[in-house]
Amino acid sequence: MTAEPDQEALGVFCAALPQLRTLLRGPASSGRRAIVAQTVLAARRGEPIDRFLTQLGIDSPRTEPEDTRSPHSSLPTALDSERGPVIGDYVCPKGTCTRVVHREADAELPTCEIHEQALRFVAES
């Protein structure tokens, strides 16, 4: 199973959103800020966002490695006291995009800027 192109685009947009918001704070950027807001609303409604990404100058990805993990539960992985640390990655909390973030121990918890939630942790099997 391959991810749909719009899921790929959502991942790219979600990762770029904090920087876009920072860059577009000034009054000269009000038009682009409106496009960012439209993109977020479209993403939340499950609508295609490729046209907005083009307007923002963000290349829509075409192919990336397939993520075969199952988004069935958002519960943390149970810890076995005899095992070592749990290793895994953070993924979209709603499962709407293919964004995968590896978090270092001293890094902040990654968030989904589209859904305004923390990314969901998925332990490696």
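For the structure itself, look to the data block above.
Residues numbered from 1 in each chain as written. Predicted model: local features only at pLDDT ≥ 70, side-chain atom pairs only at ≥ 80, totals over all residues. Heavy atoms only, no water.

### A few points about the pattern of salt bridges
For the structure on display, the rule yields 3 salt bridges. The salt bridge involving Glu-113 is made with Arg-21; its shortest N-O contact spans 3.3 Å. Of this pair, Glu-113 sits in the loop between strand E3 (111–112) and strand E4 (117–118) while Arg-21 sits in helix H1 (residues 5–23); the two residues are 92 residues apart in sequence, bridging distant segments of the chain. Look at Arg-21 and you get partly exposed, because its relative accessible area is 33%. A salt bridge links Arg-44 to Glu-116; the shortest N-O distance between them is 3.2 Å. Separated by 72 residues along the polypeptide, Arg-44 in helix H2 (residues 30–45) and Glu-116 in the loop between E3 and E4 bring together distant segments of the chain. Given the relative accessible area of 40%, Arg-44 is considered partly exposed. According to the relative accessible area criterion, Glu-116 is exposed, its value standing at 58%. (Salt bridge = Lys/Arg side-chain N within 4 Å of Asp/Glu carboxyl O. Helix = DSSP H or I, 4+ residues; strand = E, 2+ residues; numbered from the N terminus. Buried < 20%, exposed > 50% of the residue type's maximum accessible area, 1.4 Å probe, protein only.)

### A closer look at the sheet that holds strand E5 (residues 120–123)
Backbone-to-backbone hydrogen bonds join strands into a sheet, with any given pair of strands oriented parallel or antiparallel. Strand order in the open sheet formed by 3 strands is E2-E1-E5, with antiparallel pairing between adjacent strands. Strands with a single pairing partner mark the edges of an open sheet, and in this sheet they are strand E2 (100–101) and E5. Two elements, strand E1 (residues 88–91) and E2, share 2 bridges in a ladder whose sense is antiparallel. By the bridge assignment for E2, Tyr-90 is matched with Val-101. (Pairing = 2+ DSSP bridges.)

### So, the nonpolar core
Formed by 24 residues in total, the largest nonpolar core has its most connected members in Phe-13, Leu-20, Val-36, Ile-49, Leu-56 and Ile-114. Broken down by secondary-structure element, the contributors of at least two residues to this core are H1, H2 and helix H3 (50–56). The dominant element in this core, judged by the number of residues it contributes, is H1, at 6 residues. (Core = buried A, V, L, I, M, F, W, Y, C linked by side-chain atoms within 4.5 Å.)

As far as function goes, none of this settles anything; it's purely spatial.
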